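Listed below, chain by chain, are the residues.
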Amino acid sequence: MLKSKVAVQLISSGMLPEDTIMLGEAYLKQWHISHSVSIVLRFGTFRKTVKIIPVPKYDGMRINQSLARQMGILSNTALRLNYESSTQTLRLGPLIGVLISRDYASTPDRPFGTITMFCKELVDGCANQGAHVYFFTPNHISGSSDKQIEGWTFANGWKKAKLPLADVVNNRLTSRKLESRSSVQQFFKEMKNTHHASVFNEKFLDKMEVFDALKKDASVSRYLPESHFLRNYTTLKSMCSRYSNVFLKPSKGSLGKGIIRVSRHEGDSYQALFTTGTGTRRQVYPNLVKLFSNISTKMKTIRYQIQQGLTLIEIQKRPVDFRAVVQKNATGKWTLTSVVARTASSQHFVSNLARGGTLSTVSEAVARSNIFAGKEGAAKRLRTAALTIAEGIDKHIPAHFGELGIDLALDTNGRVWLLEVNSKPSKSDNTPLNQENDNKIRPSVRNVIQYSRFLSGF
């Protein structure tokens, strides 16, 4: 059986015509390709009719440097190869495009800021798996032609190059504003409809959209705290009468920004805790009407989800929650990549790392917590919940996701609850506990590549 991943060597233009490639003779025999026929060479949206020169006792491919430049390949590389006899097309790939929010051309060593290391991991992972990856921003989209785009690729350093549109696009935009640009939405549409490419993690999730969709699924609804869209005072009063504390969460928020915790205080008074950049701001209101009056000014610009407060497990009076990263694998099935515990800092009531939270393993956090029932099997229940919720998202939300960050909690009775689902999980949140000592490429990065290979048929 011949290797499906081949070394692609670049040959100077004087030694090999642009419309000719050299390929190990055994491949032609395996695919029953006649020496005399021309075939179509395809790489992403790039297509060119070429002749093949068979090379005995050789298992690689050689192409002209000028042809390689048209394909956006800047140096010798290894790529996967498959032949479609019905269309006489030799496909190289997969070609993966990663859409990121911004680049910094003035710092070529770190052109993507804090996610440069993640991008380089993807490059290295693709080299291992015989794929090719490039990175581009919404600004590159607006200047793209029908079948080419300018993007960043890595060849002895980060370089910009013209590349074909990809087989698979991973949407890593971290800004809702950028994602909603008409040029970005049009690009996604054309990639799917015109070029038959796959786009995954194609949109941000809205908290209310997620909870409303998952309520319909009996296998998932048991993980959902009571939640509603905060429309008016009646909703706030009703929830506060049922629960000793409730959380107001911006429906489109992330990183714990803008969360308000409302709880009963003395007599008729209520206390509100507001997350701020430096810690928590506390304010006491004489009654619920006064509190709502204060919040209603914010409601003019922010849609809030009101959610049942939970008696979460704590470590030294600091709440603990869990971030599970679930991803689709080489067969397109959801798998659990990691689960870590996050303990809130002493200044905050939310545990996000952006708010000073700290990481630990699930078993360590559960062991140190005030859980008084269900300690045994807690890790397994969290894993089961994460995968069940991911399947529920797939079933009930009409969008394509290949990776989700699922925030879960345990109450002191050991019951698992869903806090929220994030379709753009951070690439650093789960690193310290899941870095493999003998391999710089994180499992989460390998899974992105394997799923891209599955989507593109490589």
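Conventions adopted
Residues numbered from 1 in each chain as written. Predicted model: local features only at pLDDT ≥ 70, side-chain atom pairs only at ≥ 80, totals over all residues. Heavy atoms only, no water. Pairing = 2+ DSSP bridges. Helix = DSSP H or I, 4+ residues; strand = E, 2+ residues; numbered from the N terminus. Salt bridge = Lys/Arg side-chain N within 4 Å of Asp/Glu carboxyl O. Buried < 20%, exposed > 50% of the residue type's maximum accessible area, 1.4 Å probe, protein only. Disulfide = S-S within 2.5 Å. Phe/Tyr/Trp six-rings, centres within 6.5 Å; stacked < 30°, edge-to-face > 60°. Lys NZ or Arg CZ within 6 Å of the ring centre and 35° of its normal.

Naming follows an unreviewed UniProt entry, where the protein chain appears as Glutathione synthase/RimK-type ligase, ATP-grasp superfamily of Paenibacillus catalpae.

Our focus in this paragraph is the pairing of strand β16 (residues 260–264). Where strand β15 (residues 245–250) meets β16, 4 bridges bridge the pair, whose relative direction is antiparallel. Among the inter-strand pairings, N245 is bridged to a residue of β16, identified as S263. Judged from the 5 bridges that link them, β16 and strand β17 (residues 270–275) form a sheet pairing that is antiparallel. Within β17, the residue paired with S263 across the bridge is Q271. In this antiparallel pair of consecutive strands, β16 and β17, the connection spans 5 residues, and G267 shows a positive phi of 60 degrees.

Should their charged atoms come close, side chains of opposite charge can pair. Tallied over the full model, the rule gives 19 salt bridges. Note that D212 and K215 form a salt bridge whose closest N and O atoms lie 3.4 Å from each other. For K215, a relative accessible area of 42% translates into the label partly exposed. Here R242 makes a salt bridge to E226, at a shortest N to O gap of 2.6 Å. With a gap of 16 residues between them, R242 in helix α9 (residues 233–242) and E226 in the loop between α8 (218–221) and β14 (227–229) connect regions that are remote in the sequence. Judged by relative accessible area, which is 44%, R242 ranks as partly exposed. Among the charged side chains, a network of salt bridges with common partners joins D321, R323, R342 and D407.

For the rest of this paragraph, the subject is the state of the cysteines. Per the counting criterion, the structure on display carries 0 disulfides. Considering cysteine sulfurs only, C126 is the nearest to C119, which forms no disulfide, with 11 Å between them. When its relative accessible area of 0% is taken as the criterion, C119 is described as buried.

So, about the packing of aromatic side chains. Both the distance between ring centres and the angle between the ring planes are used here to describe each pair of aromatic rings. All chains considered together, the criterion is met by 13 aromatic pairs. A centroid spacing of 5.9 Å and a plane angle of 85 degrees characterise the contact between F112 and W152, whose relative ring orientation is edge-to-face. Note that F112 is positioned in the loop between β8 (95–99) and α3 (116–129) and W152 in strand β10 (residues 148–154), a separation of 40 residues in sequence. Accessibility classification places F112 together with W152 in one group, the buried group. Ring centres of F200 and Y451 lie 5.4 Å apart, and the angle between their planes is 75 degrees; on these two criteria the pair is classed as edge-to-face. A residue pair is termed long-range when its members are at least 10 positions apart, and F200 in strand β13 (residues 198–200) and Y451 in helix α14 (residues 443–456) qualify at 251 residues. The two residues F200 and Y451 agree in class, both being buried. For R172, the ring lying beneath its charged end belongs to F118, and the centroid distance is 5.8 Å.

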